[in-house]
Amino acid sequence: MDINRYILPSQQTFLESANYQVLQLVAGGSRNNVLTFMDVLSANIINTRQIKVVFGRKLSFQPQGLFELSVSFGAILTFKEGGFEAEDWTSFDLSKEIINNSPNIVNNLAARTSLLISQITASFGQNPIITPPTFHKNNK
């Protein structure tokens, strides 16, 4: 399903959350830490006029150490006139449909998330960690 047929092209985008936590190294001085990240997307119908979409990315190290960082951006999508009534929205996995069929929505949120992650990780004088500005199903 192409959700873009049912919503207006404008979006109200916002920062949902940002959390940066410095951690102690589990094995002091270990150089075998691997940075991993995980993406999630949730989408919920708020009312007959709007959908709330939230894209989140969490960075962490394996084994656990250095820091954990999570950033989420959201968007409010507004139905076109008659858009809500045109489908039985409860019969769809809205999150999955948006991930698979609406890169314009997902990539906008992922790009903002990637930018903020880069800015946060560079704020301590280190090189920024730059993550892909797209949704990744299998992240490592």
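Source: prediction; values computed, not measured.

(A) Seen up close, the packing of aromatic side chains. Evaluated as defined, the whole model comprises seven aromatic pairs. Each ring, one from tyrosine 6 and one from tryptophan 89, has its centre 5.4 Å from the other, and the planes form 90°; the classification is edge-to-face. Pair noted here: tyrosine 6 is in the segment before β1 (7–22) and tryptophan 89 is in the loop between β4 (67–79) and α1 (94–101), with a separation of 83 residues, a long-range link. Assessed through its relative accessible area of 7%, tyrosine 6 is described here as buried. The class of tryptophan 89 is buried, set by a relative accessible area of 6%. Both rings, one in phenylalanine 55 and one in phenylalanine 135, keep their centres 6.1 Å apart while their planes meet at 70°; by these two values the pair is edge-to-face. Of this pair, phenylalanine 55 sits in strand β3 (residues 50–62) while phenylalanine 135 sits in the segment after α2 (103–122), and the two are 80 residues apart along the sequence.

(B) Spatial organisation of the nonpolar core. If you look at the biggest cluster of nonpolar residues, it comprises 29 residues, and the most contacted ones within it are Ile3, Ile51, Val53 and Ile98. Those residues in contact with isoleucine 51 that lie beyond four places of it in its chain are Ile3, Ile7, Asn44, Ile45, Ile46, Ala75, Ile76, Leu77, Phe79 and Leu94.

(C) Main features of the sheet that holds β4. If you trace the four strands from one edge of the open sheet to the other, you get β1-β4-β3-β2, paired in antiparallel fashion. If you trace the sheet from one side to the other, it starts and ends with β1 and β2 (34–45), each paired once. On average, adjacent strands in this sheet sit at an angle of 15° to one another, irrespective of strand direction. Looking at chain direction, β1 and β4 are connected through 12 bridges and run antiparallel. In the strand pairing of β4, phenylalanine 14 is matched with glycine 74. Docked against the sheet, α1 engages β2 and β3, running at close to 115° with respect to β2.

(D) A look at the pairing of β2. Sheet analysis places β2 next to β3, joined by 12 bridges and oriented antiparallel. Counted as the bridge partner of leucine 35 is phenylalanine 61 from β3. The hairpin formed by β2 and β3 contains four residues between the paired strands.

(E) Representation of α1 in the model. Of the residues making up α1, those classed as buried are Leu94, Ser95 and Ile98. One face of α1 carries all of its buried residues, which in axial projection span an arc of 105°. Contacts from the buried residues of α1 go to β2, β3 and α2.

(F) Examining α2 more closely. An ideal rise of 1.5 Å per residue puts 28 Å on 20 residues; α2 measures up with 27 Å between its terminal C-alpha atoms. Every buried residue of α2 is accounted for by Ile105, Val106, Leu109, Ala110, Thr113, Ser114, Leu116, Ile117, Ser118, Ile120 and Thr121. Buried-residue contacts for α2 involve β1, β2, β3, β4 and α1.

Parameters at a glance
- Residues numbered from 1 in each chain as written.
- Predicted model: local features only at pLDDT ≥ 70, side-chain atom pairs only at ≥ 80, totals over all residues.
- Heavy atoms only, no water.
- Phe/Tyr/Trp six-rings, centres within 6.5 Å; stacked < 30°, edge-to-face > 60°.
- Helix = DSSP H or I, 4+ residues; strand = E, 2+ residues; numbered from the N terminus.
- Buried < 20%, exposed > 50% of the residue type's maximum accessible area, 1.4 Å probe, protein only.
- Core = buried A, V, L, I, M, F, W, Y, C linked by side-chain atoms within 4.5 Å.
- Contact = heavy atoms within 4.5 Å.
- Pairing = 2+ DSSP bridges.
- Axes fitted to C-alpha atoms, helices over the stretch in contact; angles between N-to-C directions.
- Arc of directions from axis to C-beta.
- Expected span 1.5 Å × (residues − 1).

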